[in-house]
Amino acid sequence: MESLWPVLEALGVASADGVVKTLTLAVPLIATLWYWSNRSLFSVPWQTAHPSGYCERYDPRHYSEEVRGSELVVENGNALENVPSAEHDLAYPHRRFAPTIKSHAELLAASRAHYEMMNSRRSCRFFSTAPVPREVIDNIVLTAGTAPSGAHMQPWTFVVVSDPGVKRAIREAAEAEERTNYDSRMSEEWKRDLAPLGTDWQKPFLELAPYLIVVFKQTYGARPDGTRATHYYFEKSVGIATGMLIGAIHAAGLTTLTHTPTPMGFLSFILQRPPNEKPYLLLPVGYPAEAATVPDLKRKALSEIMTVV
Ligand SMILES: Cc1cc2nc3c(=O)[nH]c(=O)nc-3n(C[C@H](O)[C@H](O)[C@H](O)COP(=O)(O)O)c2cc1C
(Lines give C-alpha, C1' and ligand atoms only; values in the text may rest on other atoms or scores of the structure.)
Protein backbone atom coordinates (compact mmCIF):
# COMPACT_ATOMS: atom_id res chain seq x y z
CA MET A 1 0.00 0.00 0.00
CA GLU A 2 2.92 2.34 0.90
CA SER A 3 4.19 2.18 -2.66
CA LEU A 4 0.80 3.39 -3.97
CA TRP A 5 0.98 6.77 -2.27
CA PRO A 6 3.38 8.38 -4.77
CA VAL A 7 1.14 7.24 -7.61
CA LEU A 8 -2.02 8.52 -5.89
CA GLU A 9 -0.19 11.75 -5.07
CA ALA A 10 0.84 12.18 -8.68
CA LEU A 11 -2.76 11.62 -9.76
CA GLY A 12 -3.87 14.23 -7.28
CA VAL A 13 -6.09 11.94 -5.22
CA ALA A 14 -3.86 11.73 -2.13
CA SER A 15 -2.20 14.45 -0.10
CA ALA A 16 1.48 14.40 0.82
CA ASP A 17 0.78 13.05 4.30
CA GLY A 18 -1.06 10.03 2.85
CA VAL A 19 -4.64 11.11 3.62
CA VAL A 20 -6.81 10.17 0.68
CA LYS A 21 -8.89 13.01 -0.63
CA THR A 22 -12.10 11.08 -0.06
CA LEU A 23 -14.26 13.24 -2.23
CA THR A 24 -11.96 12.99 -5.22
CA LEU A 25 -12.32 9.22 -5.13
CA ALA A 26 -15.94 9.04 -3.99
CA VAL A 27 -17.47 11.30 -6.66
CA PRO A 28 -16.35 9.30 -9.73
CA LEU A 29 -17.08 6.07 -7.86
CA ILE A 30 -20.65 7.07 -7.00
CA ALA A 31 -21.18 8.45 -10.52
CA THR A 32 -19.98 5.15 -12.02
CA LEU A 33 -22.25 3.11 -9.74
CA TRP A 34 -25.22 5.36 -10.53
CA TYR A 35 -24.57 5.13 -14.27
CA TRP A 36 -24.30 1.35 -14.07
CA SER A 37 -27.55 0.90 -12.16
CA ASN A 38 -29.40 3.34 -14.46
CA ARG A 39 -27.72 2.46 -17.73
CA SER A 40 -31.07 1.74 -19.41
CA LEU A 41 -31.74 5.53 -19.29
CA PHE A 42 -28.83 5.96 -21.68
CA SER A 43 -29.93 3.29 -24.13
CA VAL A 44 -30.54 4.25 -27.73
CA PRO A 45 -33.68 3.06 -29.57
CA TRP A 46 -32.08 -0.08 -31.00
CA GLN A 47 -30.77 -1.15 -27.63
CA THR A 48 -33.65 -2.79 -25.80
CA ALA A 49 -33.50 -2.64 -22.03
CA HIS A 50 -35.88 -5.30 -20.80
CA PRO A 51 -37.46 -4.90 -17.32
CA SER A 52 -35.89 -8.22 -16.35
CA GLY A 53 -32.48 -6.59 -16.80
CA TYR A 54 -31.90 -8.61 -19.96
CA CYS A 55 -30.39 -6.36 -22.56
CA GLU A 56 -30.31 -7.34 -26.19
CA ARG A 57 -27.91 -5.30 -28.31
CA TYR A 58 -28.76 -4.65 -31.90
CA ASP A 59 -26.34 -6.38 -34.20
CA PRO A 60 -26.69 -5.23 -37.82
CA ARG A 61 -25.45 -8.62 -39.02
CA HIS A 62 -28.66 -10.16 -37.73
CA TYR A 63 -31.01 -7.66 -39.26
CA SER A 64 -29.46 -6.39 -42.47
CA GLU A 65 -31.03 -9.22 -44.54
CA GLU A 66 -34.55 -8.33 -43.46
CA VAL A 67 -34.33 -4.61 -44.12
CA ARG A 68 -32.35 -4.86 -47.35
CA GLY A 69 -34.22 -3.63 -50.40
CA SER A 70 -36.85 -1.66 -48.47
CA GLU A 71 -37.70 2.05 -48.63
CA LEU A 72 -40.07 4.12 -46.52
CA VAL A 73 -42.99 6.07 -48.02
CA VAL A 74 -43.05 9.32 -46.04
CA GLU A 75 -45.86 11.91 -46.09
CA ASN A 76 -45.62 15.15 -44.10
CA GLY A 77 -42.65 13.73 -42.21
CA ASN A 78 -44.60 10.61 -41.14
CA ALA A 79 -43.64 7.11 -42.31
CA LEU A 80 -46.72 5.56 -43.96
CA GLU A 81 -45.39 2.21 -45.10
CA ASN A 82 -42.28 0.56 -46.47
CA VAL A 83 -42.05 -0.67 -50.05
CA PRO A 84 -39.46 -2.58 -52.08
CA SER A 85 -36.60 -0.34 -53.24
CA ALA A 86 -35.71 -0.09 -56.93
CA GLU A 87 -32.39 -1.91 -56.61
CA HIS A 88 -33.35 -4.83 -54.49
CA ASP A 89 -31.45 -7.88 -55.54
CA LEU A 90 -33.02 -10.78 -53.68
CA ALA A 91 -32.62 -14.32 -54.98
CA TYR A 92 -36.33 -15.04 -55.59
CA PRO A 93 -38.06 -12.98 -58.30
CA HIS A 94 -40.69 -10.94 -56.46
CA ARG A 95 -44.35 -10.59 -57.32
CA ARG A 96 -47.07 -8.29 -56.09
CA PHE A 97 -48.64 -9.20 -52.73
CA ALA A 98 -52.11 -7.70 -52.60
CA PRO A 99 -54.50 -9.65 -50.39
CA THR A 100 -58.03 -8.31 -49.99
CA ILE A 101 -58.02 -5.46 -47.47
CA LYS A 102 -60.82 -5.85 -44.93
CA SER A 103 -62.63 -3.02 -43.15
CA HIS A 104 -62.36 -2.86 -39.36
CA ALA A 105 -65.84 -4.40 -39.02
CA GLU A 106 -64.83 -7.25 -41.31
CA LEU A 107 -61.58 -7.76 -39.38
CA LEU A 108 -63.53 -7.95 -36.14
CA ALA A 109 -66.04 -10.45 -37.49
CA ALA A 110 -63.37 -12.64 -39.10
CA SER A 111 -61.08 -12.66 -36.06
CA ARG A 112 -63.99 -13.43 -33.72
CA ALA A 113 -65.27 -16.26 -35.91
CA HIS A 114 -61.78 -17.76 -36.17
CA TYR A 115 -61.24 -17.51 -32.42
CA GLU A 116 -64.58 -19.23 -31.72
CA MET A 117 -63.78 -21.99 -34.18
CA MET A 118 -60.31 -22.54 -32.65
CA ASN A 119 -61.65 -22.30 -29.10
CA SER A 120 -63.82 -25.35 -29.78
CA ARG A 121 -60.69 -27.43 -30.51
CA ARG A 122 -59.93 -30.07 -27.91
CA SER A 123 -57.37 -32.85 -27.61
CA CYS A 124 -59.35 -36.07 -27.89
CA ARG A 125 -58.18 -39.47 -26.66
CA PHE A 126 -61.16 -41.50 -27.94
CA PHE A 127 -61.31 -42.16 -31.67
CA SER A 128 -63.78 -43.74 -34.07
CA THR A 129 -62.52 -46.15 -36.71
CA ALA A 130 -64.76 -44.41 -39.30
CA PRO A 131 -62.80 -43.81 -42.52
CA VAL A 132 -61.66 -40.36 -43.64
CA PRO A 133 -60.92 -39.54 -47.32
CA ARG A 134 -57.18 -39.39 -48.01
CA GLU A 135 -57.65 -36.11 -49.89
CA VAL A 136 -58.74 -34.47 -46.63
CA ILE A 137 -55.44 -35.55 -45.04
CA ASP A 138 -53.58 -34.25 -48.11
CA ASN A 139 -55.24 -30.83 -47.67
CA ILE A 140 -54.40 -30.78 -43.96
CA VAL A 141 -50.74 -31.54 -44.64
CA LEU A 142 -50.67 -28.99 -47.49
CA THR A 143 -51.93 -26.42 -44.96
CA ALA A 144 -49.14 -27.29 -42.51
CA GLY A 145 -46.71 -26.89 -45.41
CA THR A 146 -47.76 -23.25 -45.80
CA ALA A 147 -46.07 -22.42 -42.48
CA PRO A 148 -43.27 -19.85 -42.37
CA SER A 149 -39.81 -21.32 -41.83
CA GLY A 150 -36.29 -20.03 -41.19
CA ALA A 151 -34.84 -18.93 -44.58
CA HIS A 152 -37.74 -20.83 -46.20
CA MET A 153 -36.01 -24.15 -45.61
CA GLN A 154 -39.33 -25.93 -44.86
CA PRO A 155 -37.58 -28.35 -42.49
CA TRP A 156 -40.44 -30.81 -42.01
CA THR A 157 -41.66 -34.21 -43.13
CA PHE A 158 -45.18 -35.45 -42.34
CA VAL A 159 -45.42 -39.23 -42.46
CA VAL A 160 -49.04 -40.31 -42.91
CA VAL A 161 -49.66 -43.84 -41.62
CA SER A 162 -52.84 -45.76 -42.50
CA ASP A 163 -51.41 -49.29 -42.77
CA PRO A 164 -52.90 -51.35 -39.87
CA GLY A 165 -49.67 -53.34 -39.37
CA VAL A 166 -47.56 -50.18 -39.07
CA LYS A 167 -50.12 -48.57 -36.73
CA ARG A 168 -50.02 -51.67 -34.53
CA ALA A 169 -46.18 -51.61 -34.43
CA ILE A 170 -46.28 -47.91 -33.46
CA ARG A 171 -48.89 -48.56 -30.75
CA GLU A 172 -46.86 -51.43 -29.25
CA ALA A 173 -43.62 -49.40 -29.20
CA ALA A 174 -45.36 -46.28 -27.84
CA GLU A 175 -47.08 -48.25 -25.08
CA ALA A 176 -43.77 -49.89 -24.10
CA GLU A 177 -42.15 -46.43 -23.73
CA GLU A 178 -45.19 -44.97 -21.96
CA ARG A 179 -45.39 -47.92 -19.53
CA THR A 180 -41.76 -47.24 -18.53
CA ASN A 181 -42.51 -43.50 -18.32
CA TYR A 182 -45.44 -43.99 -15.97
CA ASP A 183 -43.63 -46.72 -13.95
CA SER A 184 -40.26 -45.06 -13.46
CA ARG A 185 -39.29 -42.12 -15.70
CA MET A 186 -41.92 -39.50 -14.79
CA SER A 187 -41.53 -37.41 -11.66
CA GLU A 188 -44.25 -37.51 -9.00
CA GLU A 189 -45.07 -33.87 -9.84
CA TRP A 190 -45.55 -34.76 -13.51
CA LYS A 191 -47.87 -37.66 -12.64
CA ARG A 192 -49.84 -35.38 -10.30
CA ASP A 193 -50.21 -32.79 -13.12
CA LEU A 194 -51.38 -35.47 -15.55
CA ALA A 195 -53.85 -37.11 -13.15
CA PRO A 196 -56.77 -34.72 -13.93
CA LEU A 197 -56.44 -35.59 -17.63
CA GLY A 198 -56.95 -39.29 -16.93
CA THR A 199 -54.07 -40.46 -19.14
CA ASP A 200 -52.13 -43.71 -18.67
CA TRP A 201 -49.70 -45.87 -20.65
CA GLN A 202 -52.40 -47.42 -22.85
CA LYS A 203 -52.81 -45.84 -26.30
CA PRO A 204 -55.54 -47.75 -28.20
CA PHE A 205 -56.24 -44.67 -30.34
CA LEU A 206 -52.94 -45.30 -32.13
CA GLU A 207 -54.60 -48.28 -33.82
CA LEU A 208 -58.19 -47.07 -33.93
CA ALA A 209 -57.71 -43.67 -35.61
CA PRO A 210 -57.74 -44.10 -39.40
CA TYR A 211 -54.56 -42.05 -39.75
CA LEU A 212 -51.48 -41.24 -37.73
CA ILE A 213 -49.51 -38.20 -38.84
CA VAL A 214 -45.96 -38.39 -37.56
CA VAL A 215 -44.17 -35.04 -37.75
CA PHE A 216 -40.41 -35.17 -38.29
CA LYS A 217 -38.10 -32.19 -37.93
CA GLN A 218 -35.27 -32.08 -40.44
CA THR A 219 -32.22 -30.94 -38.50
CA TYR A 220 -30.43 -30.27 -41.80
CA GLY A 221 -31.19 -30.76 -45.48
CA ALA A 222 -29.48 -31.38 -48.81
CA ARG A 223 -28.78 -28.85 -51.54
CA PRO A 224 -29.27 -29.85 -55.20
CA ASP A 225 -25.47 -30.41 -55.50
CA GLY A 226 -25.58 -32.89 -52.61
CA THR A 227 -23.95 -30.61 -50.01
CA ARG A 228 -25.53 -30.17 -46.59
CA ALA A 229 -28.04 -27.31 -46.22
CA THR A 230 -28.31 -25.63 -42.82
CA HIS A 231 -31.85 -25.56 -41.49
CA TYR A 232 -32.18 -22.35 -39.50
CA TYR A 233 -34.59 -22.35 -36.56
CA PHE A 234 -35.88 -25.81 -37.48
CA GLU A 235 -37.32 -26.33 -33.99
CA LYS A 236 -39.40 -23.14 -34.14
CA SER A 237 -40.37 -23.70 -37.79
CA VAL A 238 -41.64 -27.24 -37.17
CA GLY A 239 -43.50 -26.07 -34.06
CA ILE A 240 -45.33 -23.44 -36.13
CA ALA A 241 -46.11 -25.94 -38.91
CA THR A 242 -47.44 -28.43 -36.36
CA GLY A 243 -49.67 -25.76 -34.84
CA MET A 244 -51.04 -25.06 -38.30
CA LEU A 245 -51.51 -28.81 -38.87
CA ILE A 246 -53.54 -29.09 -35.65
CA GLY A 247 -55.61 -26.04 -36.65
CA ALA A 248 -56.25 -27.54 -40.10
CA ILE A 249 -57.35 -30.90 -38.61
CA HIS A 250 -59.81 -29.07 -36.41
CA ALA A 251 -61.02 -26.72 -39.15
CA ALA A 252 -61.69 -29.72 -41.39
CA GLY A 253 -64.02 -31.17 -38.73
CA LEU A 254 -61.73 -33.93 -37.45
CA THR A 255 -60.01 -34.40 -34.13
CA THR A 256 -56.46 -35.15 -32.99
CA LEU A 257 -54.23 -35.54 -29.97
CA THR A 258 -50.77 -34.01 -29.60
CA HIS A 259 -48.96 -37.15 -28.50
CA THR A 260 -45.36 -37.45 -27.30
CA PRO A 261 -44.53 -41.06 -26.35
CA THR A 262 -40.98 -40.12 -25.32
CA PRO A 263 -38.32 -41.19 -26.25
CA MET A 264 -39.66 -41.33 -29.79
CA GLY A 265 -36.68 -42.93 -31.55
CA PHE A 266 -38.86 -45.99 -32.35
CA LEU A 267 -40.71 -43.82 -34.90
CA SER A 268 -37.52 -43.25 -36.91
CA PHE A 269 -36.88 -46.99 -36.89
CA ILE A 270 -40.40 -48.19 -37.74
CA LEU A 271 -40.90 -45.52 -40.40
CA GLN A 272 -37.34 -45.88 -41.77
CA ARG A 273 -36.54 -42.16 -41.71
CA PRO A 274 -33.11 -40.81 -42.74
CA PRO A 275 -30.64 -39.59 -40.07
CA ASN A 276 -31.39 -35.87 -40.63
CA GLU A 277 -35.03 -36.38 -39.57
CA LYS A 278 -35.92 -36.58 -35.88
CA PRO A 279 -39.41 -37.44 -34.60
CA TYR A 280 -41.24 -34.37 -33.32
CA LEU A 281 -44.86 -35.31 -32.59
CA LEU A 282 -47.32 -38.11 -33.21
CA LEU A 283 -50.89 -37.14 -34.09
CA PRO A 284 -53.75 -39.63 -34.47
CA VAL A 285 -56.34 -38.13 -36.82
CA GLY A 286 -59.97 -39.10 -37.31
CA TYR A 287 -63.51 -38.63 -36.05
CA PRO A 288 -64.02 -38.67 -32.30
CA ALA A 289 -65.68 -41.79 -30.85
CA GLU A 290 -69.41 -41.32 -30.37
CA ALA A 291 -69.05 -41.54 -26.58
CA ALA A 292 -65.85 -39.47 -26.44
CA THR A 293 -65.29 -37.19 -23.44
CA VAL A 294 -62.67 -34.52 -22.73
CA PRO A 295 -61.53 -33.04 -19.42
CA ASP A 296 -63.47 -29.86 -18.69
CA LEU A 297 -60.45 -27.56 -18.80
CA LYS A 298 -60.55 -23.77 -18.55
CA ARG A 299 -58.30 -21.64 -20.70
CA LYS A 300 -56.47 -18.61 -19.33
CA ALA A 301 -58.21 -15.23 -19.73
CA LEU A 302 -56.83 -12.63 -22.14
CA SER A 303 -55.51 -10.59 -19.21
CA GLU A 304 -53.43 -13.59 -18.11
CA ILE A 305 -51.80 -14.25 -21.46
CA MET A 306 -51.45 -10.77 -22.97
CA THR A 307 -49.80 -7.59 -21.86
CA VAL A 308 -49.90 -4.46 -23.99
CA VAL A 309 -46.95 -2.10 -24.02
C1 LIG B 1 -46.12 -30.68 -26.60
C2 LIG B 1 -47.35 -31.41 -26.13
C3 LIG B 1 -47.25 -32.73 -25.75
C4 LIG B 1 -48.38 -33.43 -25.34
N5 LIG B 1 -48.27 -34.77 -25.07
C6 LIG B 1 -49.37 -35.46 -24.75
C7 LIG B 1 -49.31 -36.88 -24.58
O8 LIG B 1 -48.26 -37.49 -24.76
N9 LIG B 1 -50.44 -37.55 -24.23
C10 LIG B 1 -51.64 -36.92 -24.06
O11 LIG B 1 -52.63 -37.58 -23.76
N12 LIG B 1 -51.74 -35.56 -24.27
C13 LIG B 1 -50.65 -34.84 -24.62
N14 LIG B 1 -50.74 -33.47 -24.87
C15 LIG B 1 -52.07 -32.85 -24.86
C16 LIG B 1 -52.28 -31.94 -23.66
O17 LIG B 1 -52.53 -32.72 -22.50
C18 LIG B 1 -53.47 -31.03 -23.97
O19 LIG B 1 -53.13 -30.21 -25.07
C20 LIG B 1 -53.80 -30.14 -22.79
O21 LIG B 1 -54.30 -30.92 -21.74
C22 LIG B 1 -54.85 -29.06 -23.16
O23 LIG B 1 -56.01 -29.65 -23.67
P24 LIG B 1 -56.62 -29.20 -25.06
O25 LIG B 1 -55.61 -29.57 -26.12
O26 LIG B 1 -57.91 -30.00 -25.18
O27 LIG B 1 -56.85 -27.72 -25.03
C28 LIG B 1 -49.64 -32.77 -25.26
C29 LIG B 1 -49.71 -31.42 -25.66
C30 LIG B 1 -48.59 -30.76 -26.09
C31 LIG B 1 -48.73 -29.33 -26.55
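On a predicted model such as this, the values are computed, not experimentally measured, just so you know.

Draft legend 1. Seen up close, the overall build of the protein. Within the protein, the secondary structure is distributed over 11 helices and 10 strands. Here the protein holds 309 residues, and the buried ones make up 17% of them. Counting contacts in the protein only where the partners sit at least 6 residues apart, residues at least 24 apart contribute 69% of the total.

Draft legend 2. Representation of the nonpolar core. Membership of the largest hydrophobic core comes to 33 residues, with the highest contact counts inside it found for Leu 212, Ile 213, Val 214, Val 215, Leu 245 and Val 285. Looking at this core, the elements with two or more residues in it are α5 (134-144), β5 (156-161), α6 (164-185), α8 (205-208), β6 (211-218), α9 (234-252) and β10 (277-286). Sort the elements by how many residues they give to this core and α9 lands first, with seven residues. Setting aside its immediate chain neighbours within four residues, Val 215 contacts Trp 156, Phe 158, Val 238, Thr 242, Tyr 280 and Leu 281.

Draft legend 3. Representation of the sheet that holds β10. Taking strand neighbours across the sheet as the criterion, the four strands line up as β5-β6-β10-β9 in an open arrangement whose pairing is antiparallel. On the outer flanks of this sheet lie β5 and β9 (255-256), each paired with one strand and no other. With two bridges connecting them, β9 and β10 associate as antiparallel partners. Counted as the bridge partner of Thr 256 is Val 285 from β10. Of the strands in this sheet, β5, β6 and β10 are in contact with α5, which crosses β5 at around 165°.

Draft legend 4. Seen up close, the confidence of the model for the protein. Here the protein averages 87 in pLDDT, and 83% of its residues register 70 or above. Here residues 45-67 is a poorly scored stretch, pLDDT under 50, and it has 10 contacts once near neighbours within four places are set aside; other chains count.

Draft legend 5. Region of interest: the environment of Glu 277. Checked against the element boundaries, Glu 277 lands in strand β10. Given 22 C-beta atoms within 10 Å, Glu 277 falls into the buried group. Along the primary structure Glu 277 and Trp 156 are separated by 121 residues, whereas in three dimensions their C-alpha atoms are 8.1 Å apart. Excluding residues that lie within four positions of it along the chain, Glu 277 makes contacts with Thr 157, Phe 216, Gln 218 and Ser 268.

Draft legend 6. Spatial organisation of helix α2 (residues 22-37). Relative to the 22 Å expected for 16 residues at 1.5 Å per residue, α2 spans 22 Å between its end C-alpha atoms, a close match to the ideal helical length. Among the 16 residues of α2, zero are classified as buried, and the element is accordingly described as predominantly exposed.

Draft legend 7. Quick look at the pairing of β10. Where burial is concerned, most of β10 is hidden: nine out of the 10 residues are buried. Sheet topology places β6 next to β10; eight bridges connect them, and they run antiparallel. Within β10, the residue paired with Gln 218 across the bridge is Glu 277.

Conventions and cut-offs
Residues numbered from 1 in each chain as written. Predicted model: local features only at pLDDT ≥ 70, side-chain atom pairs only at ≥ 80, totals over all residues. Helix = DSSP H or I, 4+ residues; strand = E, 2+ residues; numbered from the N terminus. Buried ≥ 20, exposed ≤ 12 C-beta atoms within 10 Å, placed from the backbone. Contact = placed C-beta atoms within 7 Å. Core = buried A, V, L, I, M, F, W, Y, C linked by C-beta atoms within 7 Å. Pairing = 2+ DSSP bridges. Axes fitted to C-alpha atoms, helices over the stretch in contact; angles between N-to-C directions. pLDDT = per-residue confidence, 0-100. Expected span 1.5 Å × (residues − 1).

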